[in-house]
Every structure is written in C-alpha cells, then in structure tokens.
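Chain by chain, the residues run as shown.
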Amino acid sequence: MERFKKIYQQGTLQVTEIWLDTETGVNYVFHWYGNAAGLTPLLDKDGKPVVTR
C-alpha cells in the first residue's frame, strides 16, 4: 500500500489537490501553478490538521 493517496483534484493549469497520508490520516493541500508549488497540512476552522480515519 502506498503511503499517500490523492483524494481530490481541481483545475488543469492551476492545480489544487488534497492528499491523504494513509499512515497518520492527516490531509495535505498541494497547489501548483506554472513552475511554483506548495504543500501544507489542511487545517480546520480551529487551526488543527484535518484527520481522516
């Protein structure tokens, strides 16, 4: 089993994806546009990481 699983994708030239860490359950947002990209934990309204089990 692979550790990270893409669970959401939106866009073609400017892409936003949500990745799930299958070991910890933490969701991450990955965004890229052109040659720039970023990855960060997805946070809820209280600033805590979103965890999917």
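Cut-offs applied
Residues numbered from 1 in each chain as written. Predicted model: local features only at pLDDT ≥ 70, side-chain atom pairs only at ≥ 80, totals over all residues. Heavy atoms only, no water. Salt bridge = Lys/Arg side-chain N within 4 Å of Asp/Glu carboxyl O. Helix = DSSP H or I, 4+ residues; strand = E, 2+ residues; numbered from the N terminus. Buried < 20%, exposed > 50% of the residue type's maximum accessible area, 1.4 Å probe, protein only. Pairing = 2+ DSSP bridges. Axes fitted to C-alpha atoms, helices over the stretch in contact; angles between N-to-C directions.

A. Looking closely at the pattern of salt bridges. Counted according to the given criterion, the structure contains three salt bridges. Glu23 is the partner of Arg3 in a salt bridge, and the nearest nitrogen-oxygen pair spans 3.7 Å. A residue pair is termed long-range when its members are at least 10 positions apart, and Arg3 in the segment before strand 1 (4-10) and Glu23 in the loop between strand 2 (14-21) and strand 3 (27-33) qualify at 20 residues. On the accessibility criterion, Glu23 (55% relative accessible area) is exposed. Glu17 is paired through a salt bridge with Lys6; the nearest N and O atoms lie 3.6 Å apart. Separated by eleven residues along the polypeptide, Glu17 in strand 2 and Lys6 in strand 1 bring together distant segments of the chain.

B. Layout of the sheet that holds strand 1. The strand order across the open sheet built from four strands is 1-2-3-4, with neighbouring strands paired in antiparallel fashion. Two strands bound the open sheet, and with one partner strand each, they are strand 1 and strand 4 (36-41). Each strand of the sheet is rotated relative to its neighbour by a mean of 20°, with strand direction disregarded. Sheet analysis places strand 1 next to strand 2, joined by six bridges and oriented antiparallel. Within strand 2, the residue paired with Phe4 across the bridge is Asp21.

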